[in-house]
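So the chains spell out like this:
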Amino acid sequence: MTVPFARPDITDAEVDAVVRVLRSGWLTTGPEVQRFERAFADRIGTKHAIAVCSGTAALHLALEAAGVGPDHEVIVPTWTFTASAEVARYLGARPVIVDVRAEDLNIDPLAVERAMSERTKAVMGVDIGGQPADWQALRDVARGGKTVLVDDAAHALPSTLRGRLIGTWADLTAFSFYVTKTMSTGEGGMLVTENDAWAERARIMSLHGISHDAWKRYTAEGTWRYEVVAPGFKYNMTDLAAALGAVQLGRLDAMSSRRNAIARRYTDAFAEDSALEPPIVLAERTTSWQLYILRLRLEALRIDRAAFIDALRQRGIGTSVHFIPLHLHPYWRETYRLRPEDFPVATREYERVVSLPIYSAMTDADSAAVIDAVRDVVRANRR
Ligand SMILES: Cc1ncc(COP(=O)(O)O)c(C=O)c1O
């Protein structure tokens, strides 16, 4: 039996929604996007939701709307995907990369505090695997509103901190609907905020810097007249993607409880094993379980993480590593002269993480096969 690392969860409802749009005569940004944005804003409980073509686009628009520019620094954790830091570079800003906390692999508020400078325009937290970062502490560090808080919530739909959904903690929050995420539009993302001015700016910049509902230009009630007010981007979401997203959003709670059940099964199976350290959910949090990041106790094993992954692959189980910290990638390391010893937690933890398959389309037989394979690899390689 083989279990891939990820597989999208697509039912007839998604297929029907996309076919309906295909037959409608309108494929790009239009009424489906508007409906999806409204439904998403209502689900999160935010005033604005702007649908775009990727999570990266949402992050870029967030920083742009917040006014990040070449004179600025943006504090980001080393434990993330490169998109979190690259968007600062799009705007000419300097990403200031900091270490994470061992318990949840999320940005360390103390490291943020140490990294704050006169140039700090934004602090970006990333809710790794879906576990909310310490947003209360990040708020306290962010100098009473002078520094903008941006949440890279690519993993955190739906996740809560102190009973409040991720999407309502930071000043601007970016979600991803990439194909491995808890809900998907193939490629896609959503930017949410309470701030009217930032939402207006992000909406304009998401479509070439055009100042008003450009899609209406091509409809019967539309007009040929439009104005360009800034050199914007081409980040709009299509109606095809939005129709898919609306159905996925409607199924989000059901898909989420499936991920929860798989995580519980894994943790029950691995908790007592001295070679394995299952992820923990910290107090006052719920997680989307976008990732299940298992840590190996390498001192209890005769193999390293790479060999562990290889052994699982030989048993038909797909895995991944989240993440190779930014400071270990040539571009970030060389451009900003980053040294592993400046990121002691991430450098150490990186050696022993493995992400196991976790997705709502997994069957009980799939998760049982993952558990059997992990146990088998541990048994064969215990020190
Ligand atoms: C933490 C994080 N941020 C941002 C992104 C970028 O999202 P997208 O692929 O939708 O651009 C990803 C990955 O997909 C991610 O894992």
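Let me begin by describing the structure that accompanies this report. The shown structure was predicted, so the numbers you read here are calculated from the model rather than taken from an experiment. (Residues numbered from 1 in each chain as written. Predicted model: local features only at pLDDT ≥ 70, side-chain atom pairs only at ≥ 80, totals over all residues. Heavy atoms only, no water.)

Regarding the environment of Glu-194
Summarising the element assignment, Glu-194 is placed in the loop between strand E9 (189-193) and helix H7 (196-205). Judged by relative accessible area, Glu-194 falls into the partly exposed class, the value being 48%. Along the sequence, Glu-194 and Asp-310 sit 116 residues apart, while their C-alpha atoms lie 46 Å from each other. Excluding residues that lie within four positions of it along the chain, Glu-194 makes contacts with Gly-45, Thr-46, Lys-47, His-48 and Asp-171. A distance of 2.8 Å separates the side chain of Glu-194 from the backbone nitrogen of Lys-47, its partner in a polar contact. (Helix = DSSP H or I, 4+ residues; strand = E, 2+ residues; numbered from the N terminus. Buried < 20%, exposed > 50% of the residue type's maximum accessible area, 1.4 Å probe, protein only. Contact = heavy atoms within 4.5 Å. Polar contact = N/O pair within 3.5 Å; in protein donor to acceptor, adjacent residues only side chain to side chain.)

Some points on the nonpolar core
Core analysis: the biggest nonpolar cluster contains 50 residues, and Leu-61, Leu-63, Val-74, Trp-79, Val-150, Leu-172 and Leu-191 have the highest contact counts within it. Tallying contributions element by element places helix H3 (residues 55-65) first for this core, with 7 residues. In this structure, Leu-61 is in contact with Val-52, Leu-191, Ala-202, Met-205, Ser-206, Phe-233 and Tyr-235, ignoring residues within four places of it in sequence. Core analysis: the next-biggest nonpolar cluster, separate from the first, contains 40 residues, Val-112, Leu-149, Phe-175 and Met-190 among them. (Core = buried A, V, L, I, M, F, W, Y, C linked by side-chain atoms within 4.5 Å.)

Things to note about empty space enclosed by the protein
Inspection of the entire model under this criterion finds 2 cavities of 30 Å³ or more. The wall of the largest cavity is formed by 16 residues, among which Ile-128, Gln-131, Pro-279, Ile-280 and Ile-293 lie closest to the centre. Taken together, the residues of the lining of the second largest cavity sort by class into 7 nonpolar, 5 polar and 4 charged. (1 Å grid on protein atoms, 1.4 Å probe; cavity = no way out; pocket = protein on both sides within 12 Å on 5 of 7 lines; lining within 4 Å. Points joined across faces, edges and corners; volume = space filled by probe spheres on them. Nonpolar A, V, L, I, M, F, W, Y, C, P; charged D, E, K, R; others polar.)

Comments concerning the site of the ligand
As a structural note, the neighbourhood of the ligand is formed by 16 residues, with Gly-55, Thr-56, Asp-152, His-155 and Ser-176 the closest of them. Within the backbone of Gly-55, one N or O atom sits 2.8 Å away from an oxygen atom of the ligand. Lys-181 is positioned with one of its side-chain polar atoms (N or O) 2.9 Å from an oxygen atom of the ligand. In the complex, the protein chains occlude 92% of the 380 Å² of accessible area that the ligand would expose alone. The site holding the ligand turns out to be the largest pocket. Elements supplying a minimum of two residues to the shell around the ligand: H3 and helix H4 (82-90). Class assignment of the residues belonging to the shell around the ligand gives a composition of 6 nonpolar, 8 polar and 2 charged. (Near = heavy atom within 4 Å. Areas by Shrake-Rupley, 256 points an atom, 1.4 Å probe, with all protein chains shown as cover. Sits in = over half its atoms within 2 Å of the grid points.)

Quick word on helix H8 (residues 239-250)
Helix length check: H8 (12 residues) gives 16 Å between terminal C-alpha atoms against 16 Å at 1.5 Å per residue, within 8%. Of all 12 residues making up H8, 9 are buried, and the element is well covered by its neighbours. Inspection of H8 places Asp-239, Ala-241, Ala-242, Ala-243, Leu-244, Gly-245, Val-247, Gln-248 and Leu-249 among the buried residues, and these make up the whole buried set. Those residues of H8 that are buried lie in contact with helix H1 (12-24), helix H2 (31-44) and helix H9 (252-270). (Expected span 1.5 Å × (residues − 1).)

Quick word on the packing of aromatic side chains
Under the definition given, this model contains 11 aromatic pairs. Note on Phe-233 and Tyr-235: the rings are 5.2 Å apart at their centroids and 25° apart in plane angle, and the pair reads as stacked. On the accessibility criterion, Tyr-235 (15% relative accessible area) is buried. In textbook terms, an aromatic cluster arises when at least three aromatic residues are bridged by ring pairs, as seen for Phe-36, Phe-40, Phe-175 and Phe-177. The residue whose ring lies beneath Arg-164 is Trp-169, and the NZ or CZ to ring-centre distance is 4.1 Å. (Phe/Tyr/Trp six-rings, centres within 6.5 Å; stacked < 30°, edge-to-face > 60°. Lys NZ or Arg CZ within 6 Å of the ring centre and 35° of its normal.)

Some remarks on the layout of surface pockets
Each pocket or cavity is described by its volume, and for the largest pocket that value is around 520 Å³. Lining the largest pocket are 32 residues, with Phe-81, His-155, Tyr-178, Thr-180 and Lys-181 positioned closest to its centre. Sorting the residues of the lining of the largest pocket by element identifies H3, H4 and strand E8 (172-176) as the ones contributing at least two each. The biggest single contributor to the lining of the largest pocket is H4, with 4 residues. For the lining of the largest pocket, a count of residues per class yields 15 nonpolar, 12 polar and 5 charged.

Observations concerning the sheet that holds strand E6 (residues 160-161)
The sheet built from 3 strands is open, its strands ordered E7-E6-E11 with antiparallel pairing. Sheet topology places strand E7 (164-165) and strand E11 (285-286) at the edges, where each strand pairs with a single neighbour. In the sheet, E6 pairs with E11 via 2 bridges, with the strands oriented antiparallel. Within the sheet, the bridge partner assigned to Thr-160 lies in E11 and is Thr-286. (Pairing = 2+ DSSP bridges.)

Section: the pairing of strand E1 (residues 48-52)
Most of E1 sits inside the fold, with 5 of its 5 residues counted as buried. Neither face of E1 is open: one carries His-48, Ile-50 and Val-52, the other Ala-49 and Ala-51, and all of them are buried. Of the strand pairs in this sheet, E1 and E9 are connected by 5 bridges, and their pairing is antiparallel. Looking at E9, one finds that Ala-49 is bridged to Val-192.

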